[in-house]
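# Per-entry structural report
The chain contents come next:
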Amino acid sequence: MFRNWRIGSVNGALLAAYFIPAWTLVAFNIIVAPVHGLYERPSVAVALFLSDHLQMAGMSTVRGAWLLALGRLTVVAFFAIYLALLCVPRTRKSGGSDEALGIALAIGSLISFASMVMASKVGEMAALRLHATELLLLLGAAIVILIERPEAAPQIVETPAEIPASLGLEQAELLHNS
């Protein structure tokens, strides 16, 4: 059953198994109660950075929180698309699902890196460790995807059918050749 699974496919599926529930829960907490959800551990560094360093007012902070939730849900959506494409064996073998995984990894890495920098600026060590770990997970998967290439499609060489000798096509006849 698992003969045609590449290591990048398994790695991407394991990442999706972590990021889909974790980031969906964080995003929905932000959507339901933007200020309370933003000040929970996965997003507290962003909240402190927005309020302390950028000195954003209440409504601007809420808009920033919703933007963060939208980014996280976008990553979750691309991981879900990746898992759906991974279920099709032909797509999995040819690497057709790697594009969705690449987009999820790129956006997720950007969010995790920005959150890690913000956690460093505000001195929130628990959030810094969380975002650094997520960033390392995403970058490790990106390296595996870049190094491991999908298997090449089998090349089918068609041989021309035998031409019957009765047609008289053994020798080309040109106009000047009589």
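Report on the accompanying structure.

Cut-off values and rules
- Residues numbered from 1 in each chain as written.
- Predicted model: local features only at pLDDT ≥ 70, side-chain atom pairs only at ≥ 80, totals over all residues.
- Heavy atoms only, no water.
- Core = buried A, V, L, I, M, F, W, Y, C linked by side-chain atoms within 4.5 Å.
- Buried < 20%, exposed > 50% of the residue type's maximum accessible area, 1.4 Å probe, protein only.
- Helix = DSSP H or I, 4+ residues; strand = E, 2+ residues; numbered from the N terminus.
- Contact = heavy atoms within 4.5 Å.
- Axes fitted to C-alpha atoms, helices over the stretch in contact; angles between N-to-C directions.
- Parallel < 35°, antiparallel > 145°, perpendicular 65-115°, else oblique.
- Left-handed = near helix turned anticlockwise from the far one by under 90°.
- 1 Å grid on protein atoms, 1.4 Å probe; cavity = no way out; pocket = protein on both sides within 12 Å on 5 of 7 lines; lining within 4 Å.
- Points joined across faces, edges and corners; volume = space filled by probe spheres on them.
- Nonpolar A, V, L, I, M, F, W, Y, C, P; charged D, E, K, R; others polar.
- Lys, Arg positive; Asp, Glu negative; His and termini not counted.
- Salt bridge = Lys/Arg side-chain N within 4 Å of Asp/Glu carboxyl O.
- Polar contact = N/O pair within 3.5 Å; in protein donor to acceptor, adjacent residues only side chain to side chain.
- Phe/Tyr/Trp six-rings, centres within 6.5 Å; stacked < 30°, edge-to-face > 60°.

### Considering the nonpolar core
Grouped together as the largest cluster of nonpolar side chains are 29 residues, with contacts concentrated most on Phe79 and Leu105. At the level of elements, helix 1 (7-32), helix 3 (44-53), helix 4 (58-86), helix 6 (98-122) and helix 7 (125-147) are the ones that each hand at least two residues to this core. The dominant element in this core, judged by the number of residues it contributes, is helix 4, at eight residues. Apart from the residues within four sequence positions on either side, Phe79 is in contact with Gly12, Leu15, Ala16, Phe19, Ile20, Leu101, Ala104, Leu105 and Leu138.

### Quick notes on the packing of helix 4 against helix 6
Taken N-terminus to C-terminus, the directions of helix 4 and helix 6 make an angle of 155 degrees; their axes are 8 Å apart at the nearest point. Put simply, helix 4 runs roughly antiparallel to helix 6. Seen along the crossing, helix 4 lies across helix 6 with a hand that is left-handed. Packed against helix 4, whose contacting residues are Leu68, Gly71, Arg72, Thr74, Val75, Phe78, Phe79, Ile81 and Tyr82, the element helix 6 presents Asp98, Ala100, Leu101, Ile103, Ala104, Leu105, Ile107, Gly108 and Ile111 at the interface.

### Some details on the layout of surface pockets
Taken as a whole, the largest pocket holds about 270 Å³ of empty space. Along the walls of the largest pocket sit Val46, Leu50, Gly64, Leu67, Leu68, Leu70, Gly71, Thr74, Ile111, Ala114, Ser115 and Met118, which together make up its complete lining. Of all the secondary-structure elements, those providing two or more residues to the lining of the largest pocket are helix 3, helix 4 and helix 6. Per element, the largest residue contribution to the lining of the largest pocket is six residues, and it comes from helix 4. A class-by-class count of the residues in the lining of the largest pocket yields eight nonpolar, four polar and no charged.

### So, the side chain of Glu134
With respect to the helices and strands, the residue Glu134 is situated in helix 7. One buried charged residue, Glu134, forms no salt bridge at all, with the nearest opposite charge on Arg72 at 5.0 Å. There is a polar contact of 3.2 Å between the side chain of Glu134 and the side chain of Trp23. Leave out the neighbours within four places in its chain, and Glu134 touches Tyr18, Phe19, Trp23 and Ser112.

### Describing the packing of aromatic side chains
Taken as a whole, this structure holds three aromatic pairs when the rule is applied. For the ring pair Tyr18 and Phe19, a centre distance of 4.9 Å and an interplane angle of 80 degrees mean the geometry is edge-to-face. Ring centres of Phe19 and Trp23 lie 5.1 Å apart, and the angle between their planes is 85 degrees; this geometry places the pair in the edge-to-face category. Placement of both Phe19 and Trp23 in helix 1 is noted, with a separation of four residues, approximately one turn of the helix.

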